[in-house]
Each structure stands twice: as C-alpha cells, then as structure tokens.
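Now for the letters of each chain:
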Amino acid sequence: MINAHKDTVGQNLSPAGRDPRLEQLLEKMSRKNAHVRKTNIREAYRYLQETLTAEKKKDRTLDLDVPLGTAEILAELTTDEEAIIAALLYSLVKNELATPAELEERFGPGVSTLVQGVTRTSRVKFKSRLEEQAENFRKMLLAMAQDLRVVMLNLAKRLQVMRTIEKFNPETQQEIATETIEIYAPLAHRLGIALIKWELEDLCLKVLHPAAY
C-alpha cells in the first residue's frame, strides 16, 4: 500500500492548478478502474513538479514531459497505481534527485521496489546485433524483472524515447532504433502487448528505413 506523505505535498492542489495532461491520465485510469485513488497519483506528480522546479533554479534542464509521457503510455496497459507513480518518479532516482529510500518513505515499498527494478534492468546495455544475443538479452530482462510491471515500465520508457527520438543526433537515433527493433519490440510481442509492439516497429522503421516508411 502507498504511504501518505509526511508533509503537505499535494494536499492543496486546486482544480485550476492541475495539469490537464495529468487529469486526462487520471480520467483514463478511472474509466478502466473506478477504484483508482487519484490523490496518491496527484501527490506523486506534485512531488515531481516541486523537485524539478527546484532543479530548474540550478539551471538543470529537466522537464515533466518524459515521466508524464511514460505514465500515459503505461496507463494504456495497467491501472496499477504503484506502477504509474513509479513511472512518474523513476527519473528522479535516475538523475539522483531522490533515493529509493525517500520514495519508500513517501509512497511505500512497492513504488520503491519498482523504481529499483527499472534502474537495475536499465543498466544492462545491448552490445550486439546478433539475433542469438538479442534473444539472450530478452530472456535476461525477463529473468531480472521479478515483477512483470518492471518490464512494462521498461517498454513504456522505451516507447516514450522512440516518440521523441528526433532530439538525438542521427548516430544515436540509429543505435536506439536498432536496439528497440531487436530487443524491445520482440519483448512486447512475447508478452502479447500488440499496442506497444506495433508503434515501436513503426517508429523504428521511420529511423532505420525512412524511404520504406
């Protein structure tokens, strides 16, 4: 269960101050599951906002688009509150703006465990384009993720990267798209997540074979 904040983060959100994208996300989740606790997700989002706002004052170029976009993608797959909150807050741990222990204190051990699982699997780098090694990599990802939500989070993160791949230089785009088509699209297929698989394949085709696209 997600713990309540030990401070007032998120308690004074007024309707006028809410992010429309967040409200659309919550509405989508509510249509699938009427018991979704919106307050918990709003609190996580407010915590994310406040942390990133403080960093922008230090000239750190961080924004809400990547975590919110990842959460929106994940909401297509699950209404699990812990998974959505982990999607929102993962980047804070990645950028060393929060620790798993801090997330556990604020949002519970489930969120912290998911974030640590995504962090652990994200450290594994794809080194070869050989089909056999790509298959081994997919097996390794599944084995490392004791909680299937970790794999779903990784897929959502990768789709968010592919949707914004233009921000990378051409060489990096090629590397990311190759990794995606050989690892993440087949992984989505193996898990039966056609929604993710098809879009990943389309976005990879656009980068790797633009004329055919």
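Only a predicted model underlies this, so the values are computations on that prediction, with no experimental measurement involved.

Visitor: For this particular structure, what's the right way to read the nonpolar core?
Guide: Burial of nonpolar side chains together is a common tendency in soluble globular proteins. In terms of nonpolar packing, the biggest core is built from 56 residues, with Ile41, Leu88 and Leu89 touching the most fellow members. Ranked by residues supplied to this core, first place goes to helix H4 (residues 81-94) with 10 residues. Residues in contact with Leu88, not counting those within four places in the same chain, are Ile41, Ala44, Tyr45, Leu48, Pro67, Leu68 and Ala71.

Visitor: When you look at the side chain of Glu82 in this model, what are you seeing that I'm missing?
Guide: As for its position among the elements, Glu82 is in helix H4. Assessed through its relative accessible area of 16%, Glu82 is described here as buried. In this structure the side chain of Glu82 is engaged in a polar contact, spanning 3.2 Å, whose partner is the side chain of Arg149.

Visitor: Any chance you could explain the pattern of salt bridges here in plain terms?
Guide: Should their charged atoms come close, side chains of opposite charge can pair. With the rule as written, the count across this model stands at 13 salt bridges. Residue Arg31 pairs with Glu27 through a salt bridge whose shortest N-O separation is 3.9 Å. Here Arg31 and its partner Glu27 are both found in helix H1 (residues 20-32), 4 residues apart, which amounts to about one turn of the helix. Across the pair Glu201 and Lys197 runs a salt bridge whose closest N-O atoms are separated by 3.1 Å. Here Lys197 and Glu201 lie together in helix H10 (residues 194-208), a separation of 4 residues that amounts to about one turn. For Glu201, a relative accessible area of 29% gives the class partly exposed. Three or more residues joined by partner-sharing salt bridges are found here, namely Asp80, Glu82, Asp147 and Arg149.

What counts, and at which threshold
Residues numbered from 1 in each chain as written. Predicted model: local features only at pLDDT ≥ 70, side-chain atom pairs only at ≥ 80, totals over all residues. Heavy atoms only, no water. Core = buried A, V, L, I, M, F, W, Y, C linked by side-chain atoms within 4.5 Å. Buried < 20%, exposed > 50% of the residue type's maximum accessible area, 1.4 Å probe, protein only. Helix = DSSP H or I, 4+ residues; strand = E, 2+ residues; numbered from the N terminus. Contact = heavy atoms within 4.5 Å. Polar contact = N/O pair within 3.5 Å; in protein donor to acceptor, adjacent residues only side chain to side chain. Salt bridge = Lys/Arg side-chain N within 4 Å of Asp/Glu carboxyl O.

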